[in-house]
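# Per-entry structural report
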Amino acid sequence: MRTFFNVILGILSVIVGVALLMTDVISYIQPISALYILCPLTLFFSTLFILTLFLSVYWFCNRFWRMGIVGLLLLAASAPNMMKTYSLVPKYETKNVPDAISVMTYNVHLFDWFEGSKGVANAEKILDYVSSASPDVVCFQEFLYYPTGTYTLEFIKSKLPDYPYCSVEVLNNSIRVAKCVATFSKYPIVESEKINFNSSCHGALKSKIAVGADTLTVVNFYLKSNQLTQQEKDLVPDAVNPNDSVTDFSNGVFHKIYNKLVKASLERCMQADTLEYRVKDIDSKLVLCGDMNDIPSSYSYRTLSEGHNDAFLLMTAFSLGSTFHEGIYNFRIDYIFTSKDLVPVEFNLDNQKMSDHYPLTLKFKVNG
């Protein structure tokens, strides 16, 4: 019986180990590679890492040294991705610096305005929160306003009176609503430019902001979302055919979800490449922030974080830092990256539940 149990665990160890190794490989390969069909595996990176750890401990405790050593080697290979996923000891301590510059990034989920009067009330609550938090620069994703009527862009500006400067890039416009990325600033926005992803609902906005004698470049991005429906998140078929079996139901749902995840991941990778190309020559006074819709073990994260500081990792300790929250789905997909000359002095992930994303705020000073 014990031999049979070890055989089953051995097979499980091989499957988990190969899957963990693939999550590491995927984060380094170009999205055009045929292997990228396995990209949804990255969503399970943390789970695979922990399973490999426990299996390695089991093999060592039972003196199966080779299996244990292979497990340790896999863990060592995955350690760089784990260090991006889970913060350990912060490099910088929180300090009170009166003249520090603060930037907030916040996916406001279209302000929930599509939910009628409840959504309108929530929109005003979000705007009041931002006004009260009072960061110097606010980068909104999934920003929405009505071209006409009460809840126009002018109304939003009136709710943010401390932000006389703003740049709003419409990504999807209709007769009823405009969906955008938007950057609001207390300081003059001297130049603004859209970074086009050839996507109807996703894009980035590069703004040059004059802060005293310095010019800060703030890039506000919103990368491709998975666009799973609530039924798909709940693993429920869209339509019920009484002639189908339970297995048919499950296979249909999982196949549809998997295809969506693969397609979205490939688009994000190409968008990340485009964004990196547009900012690669900016080596100072750069803030790159927004909703990546991807986790730290992904190709998108590696591409955009390369050469930059991840504020979360530098300023927090022992946290996964989930920024997206919806039921059982909790991931870190919102980020603030900075050039090396911006020294962080305070970082805040505020568990406000007015949107399905939490707002992130970074305070920093310019080094030299």
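Quick note: structure is the one above.
Quick look at the structure, then. Note that the structure is a prediction, hence the values are computed from the model and not measured.

Pairing is mixed in the open sheet, where six strands are placed in the order S3-S4-S2-S1-S14-S13. The open sheet has two edge strands with one neighbour each: strand S3 (165–173) and strand S13 (342–349). This sheet shows a mean twist of 20° between the axes of neighbouring strands, independent of strand direction. The sheet contact formed by S3 and strand S4 (residues 178–185) spans eight bridges and is antiparallel.

Counting buried positions along strand S7 (residues 214–222) gives seven out of nine residues, so the element sits mostly inside the fold. Of the pairings in the sheet, the one linking strand S6 (residues 203–211) to S7 comprises nine bridges and is antiparallel in character. Bridge pairing in S7 links alanine 204 to phenylalanine 221. In sequence, S6 turns back onto S7 through a hairpin of two residues, with glycine 212 there showing a positive phi of about 60°. One ladder, built from six bridges, connects S7 with strand S8 (residues 286–291); its direction is parallel. Each residue of the ladder has a partner; that of valine 218, found in S8, is valine 287.

With seven of its seven residues buried, strand S1 (residues 101–107) lies for the most part within the structure. Judged by which residues are buried, S1 turns out to be covered on both faces: Ile101, Val103, Thr105 and Asn107 on one side and Ser102, Met104 and Tyr106 on the other are all buried. Here S1 pairs with strand S14 (residues 360–366) via five bridges, running antiparallel. When the bridges of S14 are listed, threonine 105 appears paired with leucine 360. Sheet analysis places S1 next to strand S2 (residues 137–145), joined by five bridges and oriented parallel.

Let's shift gears to the packing of helix H1 (residues 2–26) against helix H3 (residues 65–85). Where H1 contacts H3, the axes come no closer than 10 Å and their chain directions differ by 25°. The angle between H1 and H3 falls in the class roughly parallel. In this structure, H1 meets H3 at a crossing whose hand is left-handed. Residues Gly10, Ser13, Gly17, Leu20, Leu21, Thr23 and Asp24 of H1 pack against Met67, Leu74, Ala77, Ser78 and Asn81 of H3. Residue composition of the contact of H1 with H3, by class: five nonpolar, six polar and one charged.

Okay, a nonpolar patch on the surface next. Where nonpolar side chains cluster on the molecular surface, the patch consists of Phe4, Val7, Ile8, Ile11 and Ile15 and spans about 490 Å² of accessible area. The topology assignment puts phenylalanine 4 in helix H1.

Of note, threonine 152 is situated in the loop between S2 and helix H5 (153–159). Taking the relative accessible area as the measure of exposure, threonine 152 reaches 15% and is therefore buried. Contact partners of threonine 152, with chain neighbours within four places excluded, come to Tyr145, Tyr146 and Pro147.

Conventions used here
- Residues numbered from 1 in each chain as written.
- Predicted model: local features only at pLDDT ≥ 70, side-chain atom pairs only at ≥ 80, totals over all residues.
- Heavy atoms only, no water.
- Pairing = 2+ DSSP bridges.
- Helix = DSSP H or I, 4+ residues; strand = E, 2+ residues; numbered from the N terminus.
- Axes fitted to C-alpha atoms, helices over the stretch in contact; angles between N-to-C directions.
- Buried < 20%, exposed > 50% of the residue type's maximum accessible area, 1.4 Å probe, protein only.
- Parallel < 35°, antiparallel > 145°, perpendicular 65-115°, else oblique.
- Left-handed = near helix turned anticlockwise from the far one by under 90°.
- Contact = heavy atoms within 4.5 Å.
- Nonpolar A, V, L, I, M, F, W, Y, C, P; charged D, E, K, R; others polar.
- Patch = residues over 30% accessible without salt bridge, like charges linked within 9 Å, V, L, I, M, F, W, Y side chains within 5 Å.
- Areas by Shrake-Rupley, 256 points an atom, 1.4 Å probe, with all protein chains shown as cover.
- Salt bridge = Lys/Arg side-chain N within 4 Å of Asp/Glu carboxyl O.

What is shown is where atoms sit, not what they do.
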